[in-house]
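Below, each chain spelled out in residue letters.
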Amino acid sequence: MQEKILIVNGFERKLIVDPEAFLSEVLREQLHLVGTKVGCGKGQCGACSVIIDGKVVRACITKIRRVADNANVTTIEGLGNQANLHPLQTAWVVHGAAQCGFCTPGFILSAKGLLDTNPKPTREEVRDWFQKHKNVCRCTGFIPIVDAVMDAAKVLRGEMTLDINHNMPADGNIFGSRAPRPTGVAKVMGQWAFGDDQKLQLPPGTLHLAIVEARVSHANIKGIDYSEALKMPGVHSVITAKDVKGKNRITGLITFPTNKGDGWDRPILCDTKVFQYGDAIALVAADSEKNARAAAEKVKVDLEVLPAYMSAPAAMAEDAIEIHPGTPNVYYEQNHAKGGEVASYFNDPKYEVMGGDYYTQRQPHMPIEPDVGFAYINEEGKVIIHSKSIGLYLHLYMIAPGLGVEPENIVLVQLPTGGTFGYKFSPTMEALVGAAAMATGRPCHLHYNYAQQQYYTGKRSPFWTTGKIAVDKETKKIVASQMEWIVDHGPYSEFGDLVCLRGSQYWMAGYGIPNMRAKGFCVATNHGWGSAFRGYGSPEIMFPSEVLMDEMANKLGMDPLEFRYVNVYRPGDTTPTDQVPDSWTLPEMIDILRPKYKEALANAKKNSTATHKKGVGVAIGIYGSGLDGPDTAGADAELMPDGSVTIYNTWQDHGQGSELSTLGFAHETLKPLGLPMSRIHTVLNDTSKCPNSGPAGGSRSNVVVGNAIVNGCRQLLDAMRKADGTYRTYDEMVKDGLKTRYNGTWTAPCKDCDENGLGNPFACYMYGLFLAEVTVELATGKTQVDKMTLVEDIGTINNRQTVDGQNWGGLAQGVGLALSEDFEDIKKHSSLAGAGVPYIKDIPDQMELIYVESPREHGPYGNSGCGEVPLCGPHPAIINAIHNACGVYIRHLPAYPEKVLAGLKALGK
Ligand code: FES
Ligand code: FES
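Residues numbered from 1 in each chain as written. Chains lettered and ligands numbered in written order. Predicted model: local features only at pLDDT ≥ 70, side-chain atom pairs only at ≥ 80, totals over all residues. Heavy atoms only, no water.

Asks: What exactly am I supposed to notice about the packing of aromatic side chains here?
Replies: How two aromatic rings sit relative to each other is given by the distance of their centres and the angle of their planes. For the structure on display, the rule yields 19 aromatic pairs. Summarising the aromatic geometry, the rings of Phe102 and Phe194 are spaced 4.9 Å apart at their centres and angled 75° between planes, so their arrangement reads as edge-to-face. Within this pair, whereas Phe102 is found in the loop between α2 (87–94) and α3 (104–117), its partner Phe194 is found in the loop between α6 (184–188) and α7 (195–198), the two being separated by 92 residues in sequence. With a relative accessible area of 4%, Phe102 lands in the buried category. On the accessibility criterion, Phe194 (1% relative accessible area) is buried. Ring geometry for Phe762 against Tyr765: centres 5.6 Å apart, planes inclined by 85°, an arrangement best described as edge-to-face. No difference in accessibility class separates Phe762 from Tyr765, as the two residues are buried. Through a chain of ring-to-ring contacts, three or more aromatic side chains come together here, namely Phe275, Tyr448, Tyr456, Tyr492 and Trp529. (Phe/Tyr/Trp six-rings, centres within 6.5 Å; stacked < 30°, edge-to-face > 60°. Helix = DSSP H or I, 4+ residues; strand = E, 2+ residues; numbered from the N terminus. Buried < 20%, exposed > 50% of the residue type's maximum accessible area, 1.4 Å probe, protein only.)

Asks: Please explain the packing of helix α21 (residues 800–819) against helix α22 (residues 874–886) as it appears in this structure.
Replies: In a pair of packed helices, the angle between the axes and the distance between the axes together describe the arrangement. At a minimum axis separation of 8 Å, α21 and α22 run at an interaxial angle of 50°. Of the possible angle classes, the one that applies to α21 and α22 is oblique. As α21 packs across α22, the resulting crossing turns out to be right-handed. Contact residues: Gly810, Leu811, Gly814, Val815, Leu817, Ala818 and Leu819 in α21; Pro874, His875, Ile878, Ile879 and Ile882 in α22. (Axes fitted to C-alpha atoms, helices over the stretch in contact; angles between N-to-C directions. Parallel < 35°, antiparallel > 145°, perpendicular 65-115°, else oblique. Left-handed = near helix turned anticlockwise from the far one by under 90°. Contact = heavy atoms within 4.5 Å.)

Asks: For this particular structure, what's the right way to read the sheet that holds strand β4 (residues 55–58)?
Replies: Two strands in a sheet stick together by hydrogen bonds in their backbones, pointing the same way (parallel) or opposite ways (antiparallel). With mixed pairing, five strands are arranged side by side in an open sheet as β2-β1-β5-β3-β4. Strand pairing shows two members of the sheet lacking a second neighbour, β2 (11–17) and β4, which therefore form its edges. Averaged over all pairs of adjacent strands, the angle between strand axes in this sheet comes to 40°, irrespective of strand direction. As defined by bridge partners, strand β1 (residues 2–8) adjoins strand β5 (residues 71–74) across three bridges and the pair is classed as parallel. Bridging from a neighbouring strand, Val8 pairs with Val73 of β5. Across the face of the sheet, α3 comes into contact with β3 (49–52), β4 and β5 while running at roughly 35° to β3. (Pairing = 2+ DSSP bridges.)

Asks: What exactly am I supposed to notice about the nonpolar core here?
Replies: Across soluble globular proteins, nonpolar side chains show a tendency to be buried alongside one another. Counting 212 residues, the largest nonpolar core has Trp92, Leu403, Leu432, Ile622, Ile878 and Ile882 as its most contacted members. The next biggest cluster of nonpolar side chains, apart from the first, holds 36 residues, and it includes Leu670, Leu675, Met733 and Cys764. (Core = buried A, V, L, I, M, F, W, Y, C linked by side-chain atoms within 4.5 Å.)

Asks: In this structure, what is going on with the pattern of salt bridges? I would like to understand it.
Replies: Opposite charge on two side chains makes pairing possible when the charged atoms of those side chains draw close. Evaluation of the coordinates by the stated rule reveals 55 salt bridges. A salt bridge links Glu228 to Lys300, with the shortest nitrogen-to-oxygen separation between them at 2.7 Å. One end of the pair, Glu228, is in helix α8 (residues 227–230); the other, Lys300, is in strand β13 (residues 300–305), and 72 residues separate them in sequence. On the basis of relative accessible area, Glu228 is assigned to the partly exposed category, the value being 34%. Given the relative accessible area of 46%, Lys300 is considered partly exposed. Sharing partners across several salt bridges, the network here consists of Arg28, Glu29, Lys37, Asp196, Asp197, Lys199, Glu289 and Arg293. (Salt bridge = Lys/Arg side-chain N within 4 Å of Asp/Glu carboxyl O.)

Asks: Would you mind showing me how to read helix α17 (residues 586–607) here?
Replies: Given 3.6 residues per helical turn, the α-helix brings residues three or four places apart onto the same face. Helix length check: α17 (22 residues) gives 30 Å between terminal C-alpha atoms against 32 Å at 1.5 Å per residue, within 8%. At Leu593, α17 shows its largest kink, close to 40°, and the proline Pro595 lies no more than four residues downstream. When we look at burial in α17, the residues that qualify are Leu586, Pro587, Met589, Ile590, Leu593, Arg594, Tyr597, Ala600 and Ala604. Buried-residue contacts for α17 involve α16 (560–567), β23 (612–624), β28 (765–777) and β29 (783–793). (Expected span 1.5 Å × (residues − 1). Bend = angle between axes of the 7 residues up to and from the residue.)

Here is the structure:
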């Protein structure tokens, strides 16, 4: 230990420190300055950026012994205060640059370091700075962040003024405005307390957990010896499967009866087998995370290692053993049959035929905040679990039998969440912390490091697709399609059948093809388990669809955009599920894009050089807003004694801004009461206080929960309305014996798909038309995306800033899906940088958004969903642009430079 004197945010602090501790640990654990966030913990994300003597440093890789005595350290807590925010903080709120807010303090400190040295940076200089300091945002696509820095610089130079209400609508109409999110100020001040920040608020006696992890991908467990671990400093206990009181399984809630599994395949703590790398075999509970992790290393697990099937083809091999004995590795099959037979079209010279094999990878979500949660037993004996869950009620029912607790005795609460993008549609650690709290009787906290985030949370399921289409040579209309797709869903079956179904729902979506045949297979493997990821099935299948459309256009000698124009939905057409589309705007969207597309083509031609070829690609992306069939949600509206209204729901927040969307719908509906936004309150995401609104996935919330909010508010208004058209006060409601709280509900007027994949599964769809402009460096095969344009029809818009943010963020993840992101090599891909997270210079500063607002019949105030569609089509557009630039089609994602280079070599270029 040594003494260290630091000047922290202007005040002298005398500290006794472990010289080997990192500055982030000293700031967070000793000074409780938790505004300094730790994401990767490896110097790769910039979330922990602080300023030391004028220099921006990453606190997670700065040993405290290297910080000079009397150094001036500035953290986010030293910038502005609530009444007087720093201009950077104000600009962040105004531009919606804090979505989940986890990267925010680090970015703001980094930006301060820039503006202190360069008060008038260009946009490119801002981008260069964030690149150099490795600041990563996974939510925003970086654009609003750069906008915020540019505006803050102007404010600091005295060229403009800005306050947080800059975008508050003057006419008071919140719905359809750019009103800022209410959580913005807490986020820019570093006061939005994420799960690892809340660790420090838990009571004395709280235990910290570490997982005894599987370091192989498939094995039988023969024994566990934790005697040495129990002797390690600070250890309270070791929890194994024997200590779990219930079935010790998380039910996968099998969706379809034809699934050959029973859904009880995922252990809470492994008992007989290890199914994938990182599986939890035991938990060590200790007085600190450090001690728990050190002790976990001492647990000896006796394993009989089995063959590991790391891809769907490997698990489908004839000699492959069953990963879950008794259930075949191919455990679900999905048929798709629309219209008549298709074979004749593929053998008739009247029709042009094109087909191929395609692969979309195991894309990792890469939230900047790694997974975290805690649990305790309350005074009534209930198990209370706080986590990043985006399916609170869903997860409650998935884990209750495994824990051996009646559902009414478990409460799930969502923590402020630093991004999920869908991985938290699956439970991750809820049952682990629950089991530990039940076994020890003490509050238990668990925090993954970033490697665990990568290998022990779900990933996008890889799709192996083989497809072909037949086109009438005269009319250029697609008359038939055929396809087979294989889903590698990892070892746990949860939602595997559902994501497999998505293959048939979105294969060639957007085009009115009369005859379609397809078959899908969902396969258990020993690689990372499959979970939801933005787009959930659509990006996987729209990639082959949209690259194949391009390939066919080339074969026909047609412009790819015009080939699409001939074939997109028009009245009389139906979707792949034989549903009538809810909007006919695709031709209009193409008309809007056409001049931009032509200009981009001309620019690409003009600006290509002998070494750098420019290209342009287009693609369509489509997604339904909802879970299949009669998807239902609840939301309550309550009149409060002071005349304000409180809305209760479980519209879980990934960081997308569900509280603001809730307020938008409520404010619009409650307009007759004349309440300002500040008089509508929200109580969200606690199963003990809020009704079941369903999970926040599949872009369902805006439609299904939105309608439930509108319904609840309307019921309240109806009850308050007097005969003369005025409204009762709270006291009058009580006096008249009227309820003050109303449960709004809404159910989608939809029908699940049948055994042939046909039905009307979704009430509202989202439509995107993507234009990518790229540069390919011929010497290296490296692709740079120069610009993305998205023409989008998502119905009317609730909050414009939220929607812009979702689109920029989704497009940025599409760039990663196309070019760099993967979780295949467990070692290499267990960090953000190793898994190919895009840094700011990988994402274009030009991302143009154009909205075609066609109101939806079933959407609240005409809204459809929003979050998924921007990731449904950017990757095929980029791949098509690479082909346009240099003649290479990449059919196996991601398009690493070496793959493009190999393609160029094969073409003799
Ligand atoms: S760089 Fe420090 S947490 Fe990522
Ligand atoms: S707002 Fe940047 S990571 Fe979420």
